[in-house]
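Chains, contacts and geometry: an overview
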Amino acid sequence: MEQYIGLDVSMKETAISIRQGGKRIWRGKCASDPQLLAAVIRKRAPYARRIVFETGPLMGQSSLARPRRACQAQSKSIGYTNVQWHFVL
(Lines give C-alpha, C1' and ligand atoms only; values in the text may rest on other atoms or scores of the structure.)
Protein backbone atom coordinates (compact mmCIF):
# COMPACT_ATOMS: atom_id res chain seq x y z
CA MET A 1 0.00 0.00 0.00
CA GLU A 2 1.26 3.47 -0.85
CA GLN A 3 2.54 5.68 1.92
CA TYR A 4 2.67 9.47 2.07
CA ILE A 5 5.25 11.42 4.05
CA GLY A 6 5.06 14.95 5.41
CA LEU A 7 8.29 16.66 6.47
CA ASP A 8 8.29 19.91 8.45
CA VAL A 9 11.91 21.02 8.31
CA SER A 10 13.63 23.46 10.63
CA MET A 11 17.32 24.15 11.17
CA LYS A 12 17.75 21.70 14.06
CA GLU A 13 15.11 19.02 13.64
CA THR A 14 12.51 17.69 11.21
CA ALA A 15 9.03 16.53 12.16
CA ILE A 16 7.92 13.50 10.14
CA SER A 17 4.40 12.19 9.61
CA ILE A 18 3.64 9.04 7.61
CA ARG A 19 0.14 8.21 6.35
CA GLN A 20 -1.22 5.10 4.75
CA GLY A 21 -4.80 4.47 3.69
CA GLY A 22 -5.85 7.88 5.02
CA LYS A 23 -4.57 7.18 8.55
CA ARG A 24 -1.41 8.30 10.28
CA ILE A 25 0.73 5.25 10.91
CA TRP A 26 3.78 6.97 12.42
CA ARG A 27 4.85 10.38 13.68
CA GLY A 28 8.20 11.43 15.06
CA LYS A 29 11.16 13.79 14.87
CA CYS A 30 14.81 13.50 14.04
CA ALA A 31 17.75 15.82 13.52
CA SER A 32 17.68 17.74 10.20
CA ASP A 33 20.45 15.65 8.72
CA PRO A 34 19.90 14.12 5.26
CA GLN A 35 21.39 10.74 6.19
CA LEU A 36 19.30 10.44 9.35
CA LEU A 37 16.14 11.46 7.48
CA ALA A 38 16.88 8.89 4.77
CA ALA A 39 17.35 6.17 7.39
CA VAL A 40 14.07 7.02 9.15
CA ILE A 41 12.14 7.16 5.87
CA ARG A 42 13.63 3.86 4.70
CA LYS A 43 12.68 2.18 7.97
CA ARG A 44 9.23 3.69 8.53
CA ALA A 45 7.92 4.17 4.96
CA PRO A 46 9.34 1.58 2.57
CA TYR A 47 6.41 2.14 0.16
CA ALA A 48 6.52 5.94 0.00
CA ARG A 49 4.72 7.42 -2.98
CA ARG A 50 4.67 11.15 -2.25
CA ILE A 51 6.71 13.38 0.05
CA VAL A 52 5.55 16.85 1.05
CA PHE A 53 8.37 19.08 2.22
CA GLU A 54 7.31 22.16 4.19
CA THR A 55 10.12 24.69 4.34
CA GLY A 56 8.59 27.68 6.09
CA PRO A 57 9.39 31.36 5.62
CA LEU A 58 13.17 31.03 5.71
CA MET A 59 13.36 29.73 2.15
CA GLY A 60 12.19 31.90 -0.72
CA GLN A 61 10.62 30.61 -3.92
CA SER A 62 13.83 31.11 -5.91
CA SER A 63 15.72 28.91 -3.42
CA LEU A 64 13.59 25.80 -4.04
CA ALA A 65 15.56 24.43 -6.99
CA ARG A 66 18.56 23.36 -4.90
CA PRO A 67 16.71 21.38 -2.20
CA ARG A 68 14.38 19.88 -4.81
CA ARG A 69 17.34 18.50 -6.77
CA ALA A 70 18.97 17.30 -3.54
CA CYS A 71 15.78 15.57 -2.37
CA GLN A 72 15.24 13.89 -5.72
CA ALA A 73 18.85 12.68 -5.79
CA GLN A 74 18.59 11.49 -2.18
CA SER A 75 15.35 9.62 -2.85
CA LYS A 76 16.96 7.77 -5.77
CA SER A 77 20.00 6.91 -3.65
CA ILE A 78 17.77 5.24 -1.03
CA GLY A 79 15.76 3.33 -3.61
CA TYR A 80 12.71 5.58 -4.09
CA THR A 81 12.70 5.97 -7.84
CA ASN A 82 8.98 6.68 -8.16
CA VAL A 83 8.48 9.25 -5.38
CA GLN A 84 6.85 12.60 -6.09
CA TRP A 85 8.24 15.58 -4.13
CA HIS A 86 6.01 18.55 -3.32
CA PHE A 87 7.32 21.71 -1.68
CA VAL A 88 5.09 23.97 0.40
CA LEU A 89 6.21 27.38 1.62
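Residues numbered from 1 in each chain as written. Predicted model: local features only at pLDDT ≥ 70, side-chain atom pairs only at ≥ 80, totals over all residues. Heavy atoms only, no water.

The final tally for this structure, using the stated rule, is two salt bridges. Across the pair E2 and R49 runs a salt bridge whose closest N-O atoms are separated by 3.7 Å. Taken together, the positions of E2 in the segment before β1 (3-9) and R49 in strand β4 (residues 48-54) put the pair 47 residues apart, joining distant regions of the chain. Given a relative accessible area of 39%, E2 falls into the partly exposed group. Judged by its relative accessible area of 23%, R49 is partly exposed. A salt bridge links K29 to E13; the shortest N-O distance between them is 3.4 Å. A residue pair is termed long-range when its members are at least 10 positions apart, and K29 in strand β3 (residues 23-31) and E13 in strand β2 (residues 13-20) qualify at 16 residues. Taking the relative accessible area as the measure of exposure, K29 reaches 59% and is therefore exposed. (Salt bridge = Lys/Arg side-chain N within 4 Å of Asp/Glu carboxyl O. Helix = DSSP H or I, 4+ residues; strand = E, 2+ residues; numbered from the N terminus. Buried < 20%, exposed > 50% of the residue type's maximum accessible area, 1.4 Å probe, protein only.)

Let us now look at the nonpolar core. Nonpolar side chains in soluble globular proteins generally cluster together in the buried interior. I5, L7, I16, I18, C30, L37, I41, A45, A48, I51 and F53 together form the largest nonpolar core, which totals eleven residues. Going through the elements one at a time, β1, β2, α1 (34-44) and β4 are the ones with two or more residues in this core. Take this core: its biggest share by element is three residues, from β4. (Core = buried A, V, L, I, M, F, W, Y, C linked by side-chain atoms within 4.5 Å.)

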